[in-house]
Amino acid sequence: MGNVCCFGSSARVDAAQSPRTNSWTPKFTSKTSTSSARSSPLPCYSEKSIESLSTPRSEHEILPSPHVKAFALSELKNATRNFRPDSLLGEGGFGYVYKGWIDETTPTAAKPGSGMVVAVKKLKPEGFQGHKEWLTEVNYLGQLRHPNLVKLIGYCSEGDSRLLVYEFMPRGSLENHLFRRGPQPLPWATRVKVAIGAGKGLCFLHDAEEQVIYRDFKASNILLDADFNAKLSDFGLAKAGPTGDRTHVSTQVMGTHGYAAPEYVATGRLTAKSDVYSYGVVLLELLSGRRAVDRSKSGVEQNLVDWAKPYLGDKRRLFRIMDTQLEGQYPQKGAYAAATLALQCLRPEPRLRPRMKEVLAALEELQAPQNAGKPLVSEKKTVSNHVKKSPMRHHRSPKNLIPSASPLPAHRQTAHVLKHTTQMAHSALDEMSDTGAFLRTPSTFRNFISRDPNSPFPPEAGRYHLYISYACPWASRCLAYLKVKGLDKAISFASVKPIWERTKDTDEHMGWVFPVSETEEPGAEPDPLNGAKTIRELYEIASTNYSGKYTVPVLWDKKLKTIVNNESGEIIRMFNTEFNEIAENAALDLYSPHLQAQINEVNEWIYDGINNGVYKCGFAKKQGPYEEAAKKLYEGLEKCEEILGKQRYLCGNTVSEADIRLFVTLIRFDEVYAVYFKCNKKLLREFPNLFNYTKDIFQIPGMSSSVNMEHIKRHYYGSHPSINPFGIIPLGPDINFSAPHDREKFSN
């Protein structure tokens, strides 16, 4: 979800699992089980043999490896700017993770911002068990090399300091994407890809000449690179498999509650099938979007396996456990096949569980070319159980502005490989469950502009163009970033007309249209690059087989003549960091490393309750879902009001991404949402802190130019005839957001 990397040490089975406060929090052993662990032998794997070492305290017990460098502490201090707080990526039970830079050829510490980015994990000195895990990880990852194992670059053992240097994994952990509900849920195809990648890593360990049992397979230990390739990390609990005639390894019970196999917890007997069980739990997490253990739920729902098992073998009821963030965008047969596989992995009797090689073969069938195009094609069958079609199928709504997800992996694709087929475009009013609740649809173009030398989309001035609608809150926040970062000279932009029109004579689709001249619609202009008449044409230029939704924003590559990305949450992250060398306001960081966990947390509840909440209110077709959405909306607004009574911005006294995300909803609230979406219980102007805060954000240099209230009102009131059949636009309230505010009281 951003340029982060997650590494965590492991928890004992008897350690309580609680919701994480940030995406970095790794688990660690509880005090009650640490003492018993000291008597356990420490396994170390080499390509020729596996040895059991006594409890080590010496660097000399590290197995030599040509792949791993022994760093001096001074080198890692230089690489991380002396472990400065602004280099901190996260922390957990093991210690702290810092962003660092090393020279790729030497490798030695490099000047911050140059060379290769790495993640440096620094052990907390008070953990004896942490040292054992540290040494185990050095020895396993020092000897093992596989595309689906995280690469250990080096280590440092100097005095009491213990550090590990890893390749930097820009998309963080699977746990972060599944459970820290940001605006970009993982789409089905990406979940299958992650499951296969992690499965390949586990299969490699199990099929090695000297078998390795991972022992702590869980979502937080699966890291994702820029293309969502999965890699296993944290080998602190890895154990040599049985040898000779032995069927198992007897060992202290360690691992993570909810993932550990029941027979291992009960007897301490460890086999490769113990890992298979854990894999089944993670597969279940990928399907459901729920944690293995969630203490916030009640009864049987606290344990994912216990709650989900009754549904896994039932095609008709499987949708009840599927992740609602998928919003129905998955193939019925594929989901059932994955659920059946998870059920097999979770069999109580270890001998009845499949081997990882068999699991992997079954999963790869789901990703095979003959199945690759099925997820969205077969979706009609999946959704038919709980989604009704609206008679207003050709009238699209602002729902096409929402952040979402896609099966396309990331930034290593060029225009000629962006050929794909997605679900036929439809209206927000089509996306209602049988309860009358409003659902959402994913975005599809998810390439990434990156400073990586191998990226096909480098951050070059003049190469990219942003297509927006001032009416769309998600497109507007991209324009806001472009303005406040000072990128409007490097990245051109153009706006469409505010009111939807027919996009083709051959069908009745209504969508975003360009004016025919610069004078036809103030604030909008003809397409300056392709001469397209509609946003739809841009999608069809980028992908001849495209049949999905034609949404804004669209970030266009002039050189490759294709869409780079149409997901606003990712576009703003690119604008924030990737163009800093050419940005006029490069110093402004709206997603600072030390605030990322807090920003992600705030984004999550603001998106669900407020950004998306107004749409849930506006497009609800039954009283119950409307009232539920309205209640959640105003709970979110009251929470913001309370926070902003204590500090200037949502995450402290520094403006951040979270503020821009909230602002685009607040600026439209009284003018549109209060009337049009029935969000009238309390106006923005009746929240003193929120109202002054909105004026404060509006007055940030560049922000006001991202707001065109005439376009906003004309779009909402004029583009949904089922809601406003006569297209009448209210005259008021004409709020002056340039008026003085009181937020400077927090300046000190």
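This one's a predicted model, so the numbers in the text were calculated from it and none came from an experiment.

Enquirer: Mind showing me how you'd approach the overall build of the chain here?
Expert: Summing up its helical and strand segments, the chain has 22 helices and 22 strands in all. Within the chain, contacts between residues separated by at least 24 positions form 72% of all contacts whose residues are at least 6 apart in sequence. As displayed, the chain offers around 28,600 Å² of accessible surface, 50% of which is attributable to carbon and sulfur atoms.

Enquirer: Would you take a moment to explain the pattern of salt bridges for this structure?
Expert: Oppositely charged side chains can form a pair if their charged atoms are brought close together. Inspection of every chain in the model, using the stated rule, returns 32 salt bridges. Notably, a salt bridge pairs Glu-364 with Lys-200, separated by 4.0 Å at the nearest N-O pair. Separated by 164 residues along the polypeptide, Glu-364 in helix α10 (residues 356-366) and Lys-200 in helix α5 (residues 188-206) bring together distant segments of the chain. A salt bridge links Glu-642 to Lys-646, with the nearest nitrogen and oxygen atoms 3.7 Å apart. The exposure class of Lys-646 is exposed, given its relative accessible area of 60%. It is possible to trace a salt-bridge network through shared partners that takes in Lys-504, Asp-507, Arg-536 and Glu-540.

Enquirer: How should I be thinking about the nonpolar core in this particular structure?
Expert: Across soluble globular proteins, nonpolar side chains have a tendency to be buried as a group. Counting 101 residues, the largest nonpolar core has Ile-535, Phe-575 and Leu-690 as its most contacted members. Top element by residues in this core is helix α20 (residues 657-676). It accounts for eleven residues. Here this core gathers at least three residues from each of two domains, domain 3 (464-578) and domain 4 (595-741). Counting residues in each nonpolar core, the second largest holds 84 residues, with Ile-62, Val-194, Ile-222 and Ala-342 among its members.

Enquirer: Sorry, what's going on with the UniProt feature "binding site: ATP" (unreviewed entry) in the chain here?
Expert: UniProt's feature table lists "binding site: ATP" (unreviewed entry) at Lys-122, given in the numbering used throughout. Turning to its location among the elements, Lys-122 is positioned in strand β6 (residues 116-123).

Enquirer: Explanation requested: the packing of aromatic side chains in the structure shown.
Expert: Here a ring pair, both rings aromatic, is described through the centre-centre distance and the interplanar angle of the planes. Scanning the model with the defined rule gives 30 aromatic pairs in all. Seen in terms of ring centroids, Phe-445 and Tyr-539 are 5.7 Å apart; in terms of plane orientation they differ by 65 degrees. Their pairing is edge-to-face. Here Phe-445 is found in the loop between β16 (432-433) and β17 (464-468), whereas its partner Tyr-539 is found in helix α15 (residues 535-542), with 94 residues between them in sequence. An identical accessibility class is assigned to Phe-445 and Tyr-539; each is buried. Seen from their ring centres, Tyr-539 and Tyr-550 are 5.8 Å apart, and the 70 degrees between their planes marks the pair as edge-to-face. Note that Tyr-539 is positioned in helix α15 and Tyr-550 in the loop between α15 and β21 (554-557), a separation of eleven residues in sequence. Grouping residues by exposure puts Tyr-539 and Tyr-550 together as buried. Counting every residue linked through ring pairs, the aromatic cluster contains Trp-474, Tyr-615, Phe-619, Tyr-634, Phe-669, Tyr-673, Tyr-676, Phe-677, Tyr-716 and Tyr-717. Over the ring of Phe-71 we find Lys-69, and its NZ or CZ is 5.2 Å from the ring centre. The ring of Trp-134 carries the charged tip of Arg-162 above its face, separated from the ring centre by 5.5 Å.

Enquirer: Whenever I open this one, the sheet that holds strand β7 (residues 152-158) confuses me. Can you help?
Expert: Hydrogen bonds between backbone groups are what pair the strands of a sheet, and the pairing can be parallel or antiparallel. Here six strands make up an open sheet; going across it, the order is β3-β7-β8-β6-β5-β4 and the pairing mixed. Unpaired on one side and paired on the other, β3 (69-70) and β4 (88-91) mark the two borders of the sheet. Pairing analysis gives three bridges linking β4 to strand β5 (residues 95-102), with the strands arranged antiparallel. Across the sheet, residue Leu-88 finds its bridge partner in β5, namely Tyr-98.

Enquirer: I'm lost on the packing of helix α7 (residues 272-288) against α10 in this one. Help?
Expert: How two helices sit against one another is set out by the angle between their axes and by the gap between those axes. Remark: α7 packs on α10, axes separated minimally by 10 Å, with the N-to-C direction vectors making an angle of 25 degrees. By the angle between their directions, the pair α7 and α10 is classed as roughly parallel. Here the hand of the crossing between α7 and α10 comes out right-handed. Seen from α7, the contacting residues are Val-276, Tyr-279 and Leu-283; seen from α10, they are Met-356, Val-359 and Leu-363. Here the contact of α7 with α10 is built from residues that sort into six nonpolar, no polar and no charged.

Enquirer: Hey, could you run me through the confidence of the model for the chain in this one?
Expert: Reading predicted coordinates in detail is not appropriate for stretches of low pLDDT. The share of residues in the chain with pLDDT of 70 or more is 80%, and the mean pLDDT across the chain is 81. Contacts for the low-pLDDT stretch residues 1-60, under 50 throughout, to residues beyond four places or in other chains number 212 contacts. Within the model, the stretch residues 369-434 combines pLDDT values under 50 with 220 contacts to residues more than four positions away or in other chains.

Enquirer: Just to check I follow, could you spell out helix α21 (residues 688-698) for this structure?
Expert: Every α-helix winds through 3.6 residues per turn, so residues three or four apart in the chain are directed the same way. For α21, the buried fraction is high: ten of the eleven residues fall into the buried class. Turning to α21, its buried residues are Asn-689, Leu-690, Phe-691, Asn-692, Tyr-693, Thr-694, Lys-695, Asp-696, Ile-697 and Phe-698. For α21, the secondary structure elements touched by its buried residues are α19 (623-643) and α20.

About the criteria used
Residues numbered from 1 in each chain as written. Predicted model: local features only at pLDDT ≥ 70, side-chain atom pairs only at ≥ 80, totals over all residues. Heavy atoms only, no water. Helix = DSSP H or I, 4+ residues; strand = E, 2+ residues; numbered from the N terminus. Contact = heavy atoms within 4.5 Å. Areas by Shrake-Rupley, 256 points an atom, 1.4 Å probe, with all protein chains shown as cover. Salt bridge = Lys/Arg side-chain N within 4 Å of Asp/Glu carboxyl O. Buried < 20%, exposed > 50% of the residue type's maximum accessible area, 1.4 Å probe, protein only. Core = buried A, V, L, I, M, F, W, Y, C linked by side-chain atoms within 4.5 Å. Domains from an automatic or database assignment. UniProt positions renumbered as here; feature names shortened; annotations may be inferred. Phe/Tyr/Trp six-rings, centres within 6.5 Å; stacked < 30°, edge-to-face > 60°. Lys NZ or Arg CZ within 6 Å of the ring centre and 35° of its normal. Pairing = 2+ DSSP bridges. Axes fitted to C-alpha atoms, helices over the stretch in contact; angles between N-to-C directions. Parallel < 35°, antiparallel > 145°, perpendicular 65-115°, else oblique. Left-handed = near helix turned anticlockwise from the far one by under 90°. Nonpolar A, V, L, I, M, F, W, Y, C, P; charged D, E, K, R; others polar. pLDDT = per-residue confidence, 0-100.

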